[in-house]
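The residues making up each chain are set out below.
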Amino acid sequence: MQKVPFGKLGFDVSRLGFGMMRLPTMKNGQGENVVNRDLAINMVRKAVDNGVNYVDTAYGYHGGESEIVTGLALKDGYREKVKLTTKLPQWLVNESKDMDRLLDEQLKKLDVPYLDFYLIHSLRREAFEKMQSLNYKEFLDRAKRDGRIRHAGFSFHDDKDAFIDIIDDYDWDLAQVQINYLDDEAQATAEGIRYAGRKGVSVVCMEPLRGGALVNPPQEILDTINANPRGYTPVEWAFRYVGNYPEIVTILSGMSNMEQVEDNLRIFQNVTVGNLSKEDEVFVAGLKKAYLERIAIGCTHCDYCQPCPQGVLIPRIFDIYNRAYMFDDNHQLVRDYKGVINDNGDASLCVQCGQCEAACPQQLEIIRLLEKVHAEAVK
């Protein structure tokens, strides 16, 4: 297992981190999906026994069960072998004292006296401004002083400008961001990651496989990968891409079965900083280009078509269709489109007034395209 220094904190961390968000599940006696605790514990301990020393969970994962299972997995001496991270659910924070209450609750669920890292979860600008108003800095400083946490960070889902403003607001130890070879210009962006590095903030990568979407590429992209003389799998190319960044210390993987644990352990024997050659970097850029060329509708999300008089969520519908088409995943289309229906914004509401088409800078045939998406998504 490859390891790197965690910034200036004085310890090394495994490049593979165990993300506790996609644990194996099973039906309980009431027919509900719950974590398969025995299997999950064995998976975590298998990873730790083979060099993984970073474990990441959060308050809401698996309906609140993840922190409990994480604590169980780290019994029998395993807690001392890892750096443990969980996250403050900022959406449940309405007043300053909620931060202390939630942290104490999480320590109890994990059954540990302290956390190595405590992150403010899923920050966007609006949420961050709320946390500023509630004096999050004083809370984090106090929690460090009284020993409940060792280091502070945040996880992030917004744009680069918001990311830089958050980085500059506190003496963070860690920033957890979504990055993969399709999303290097989205959210924090590659530029934002480099900025964090210059500020001395180590980066932890989440969604290196884009929620699993990069595991099973469309056939023509898979053929391209299989033809490459490196012999890497789609998963390995994705991990090696994010592992190439010197600012990224740990790459989280949400593992759902023992086979994934074993495959990741194999891959991360060689995922070093700078592991990609110039030819490899060109190849990965070509994979990204091939995915982007699969975009079916040239919507730029300018929102000139919004608001629709009937409430049709046109850019959202086109984005859902493009993502499903990119990965050749009709199940994703059907699933995500149900969300639009539930939000009363689906294409069935269109009365073909043409206002959207008159406003569209891309001159898209929006009415026809809405009919097409609706027909494919509702069967």
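Look up a bit, the structure's there.
If you're wondering where the values come from, they're calculated on a predicted model, not measured in any experiment.

Caption draft 1: Region of interest: the pattern of salt bridges. Inspection of every chain in the model, using the stated rule, returns 32 salt bridges. Among the salt bridges present, the one from R22 reaches E207, with a minimum N-O distance of 3.1 Å. Highlighted residues: R22 in the loop between β3 (16-19) and β4 (25-27) and E207 in the loop between β11 (202-206) and α8 (219-227), separated in sequence by 185 residues. When its relative accessible area of 18% is taken as the criterion, E207 is described as buried. Its salt-bridge partner being D336, residue R335 comes within 3.6 Å of it at the nearest N-O pair. A relative accessible area of 18% places D336 in the buried class. Three or more residues joined by partner-sharing salt bridges are found here, namely D100, D104, E138, R142, D146 and R148.

Caption draft 2: Representation of the sheet that holds strand β12 (residues 248-254) within the structure. Strand order in the closed barrel formed by 8 strands is β3-β6-β7-β8-β9-β10-β11-β12, with parallel pairing between adjacent strands. Direction aside, the axes of adjacent strands within the sheet are offset by 30° on average. With 3 bridges joining them, strand β6 (residues 54-56) and strand β7 (residues 83-88) adopt parallel strand pairing. Directly across from D56, in β7, lies its bridge partner T85. Relative to the sheet, helix α6 (residues 160-167) contacts β8 (115-123), β9 (149-156) and β10 (174-178), its axis offset from that of β9 by approximately 165°. Sitting on the sheet, helix α9 (residues 234-243) is in contact with β11 and β12, with an inclination near 150° to β12.

Caption draft 3: Up close: the packing of α9 against helix α10 (residues 258-267). Two elements in contact, α9 and α10, have axes separated by 11 Å at closest approach and are oriented at 55°. The angle between α9 and α10 falls in the class oblique. Handedness of the crossing formed by α9 with α10: right-handed. Each of V235, E236 and F239 in α9 lies in contact with α10, whose residues at this interface are D263, N264, R266 and I267. Looking at the contact of α9 with α10 residue by residue, the class counts come to 3 nonpolar, 1 polar and 3 charged.

Caption draft 4: Here's a closer look at the environment of A359. Locating A359 in the fold gives a position in helix α14 (residues 355-359). Separated by 132 residues in the primary sequence, A359 and A227 place their C-alpha atoms 44 Å from one another.

Caption draft 5: Expanded view of helix α13 (residues 330-342). Spanning 13 residues, α13 covers 19 Å between terminal C-alpha atoms, matching the ideal 18 Å at 1.5 Å per step. Where α13 is buried, its residues meet α12 (314-326) and α15 (366-377). In this structure D329 caps α13, since a side-chain oxygen of it lies 3.2 Å from the backbone nitrogen of H331. Trailing α13 by a residue or two, N344 shows a phi angle of about 55°, which is positive.

Caption draft 6: Highlighting the layout of surface pockets. Here the largest pocket is characterised by a volume of approximately 580 Å³. For the lining of the largest pocket, the secondary structure elements donating two or more residues are β8, β10, β12 and α10. Looking at the lining of the largest pocket, its residues break down into 10 nonpolar, 14 polar and 4 charged. Where the lining of the second largest pocket is concerned, the elements lending two or more residues are α11 (278-292) and α12. Tallied by class, the residues present in the lining of the second largest pocket amount to 9 nonpolar, 3 polar and 7 charged.

Caption draft 7: Structural detail: the side chain of S202. On the secondary structure map, S202 appears in strand β11. Among the polar contacts listed, one links the side chain of S202 to the backbone nitrogen of G7, at a separation of 3.3 Å. In this structure, S202 is in contact with F6, G7, D173, L174, A175, E247 and V249, ignoring residues within four places of it in sequence.

About the thresholds
Residues numbered from 1 in each chain as written. Predicted model: local features only at pLDDT ≥ 70, side-chain atom pairs only at ≥ 80, totals over all residues. Heavy atoms only, no water. Salt bridge = Lys/Arg side-chain N within 4 Å of Asp/Glu carboxyl O. Helix = DSSP H or I, 4+ residues; strand = E, 2+ residues; numbered from the N terminus. Buried < 20%, exposed > 50% of the residue type's maximum accessible area, 1.4 Å probe, protein only. Pairing = 2+ DSSP bridges. Axes fitted to C-alpha atoms, helices over the stretch in contact; angles between N-to-C directions. Contact = heavy atoms within 4.5 Å. Parallel < 35°, antiparallel > 145°, perpendicular 65-115°, else oblique. Left-handed = near helix turned anticlockwise from the far one by under 90°. Nonpolar A, V, L, I, M, F, W, Y, C, P; charged D, E, K, R; others polar. Expected span 1.5 Å × (residues − 1). Polar contact = N/O pair within 3.5 Å; in protein donor to acceptor, adjacent residues only side chain to side chain. 1 Å grid on protein atoms, 1.4 Å probe; cavity = no way out; pocket = protein on both sides within 12 Å on 5 of 7 lines; lining within 4 Å. Points joined across faces, edges and corners; volume = space filled by probe spheres on them.

Taken by themselves, the reported measurements are silent on function.
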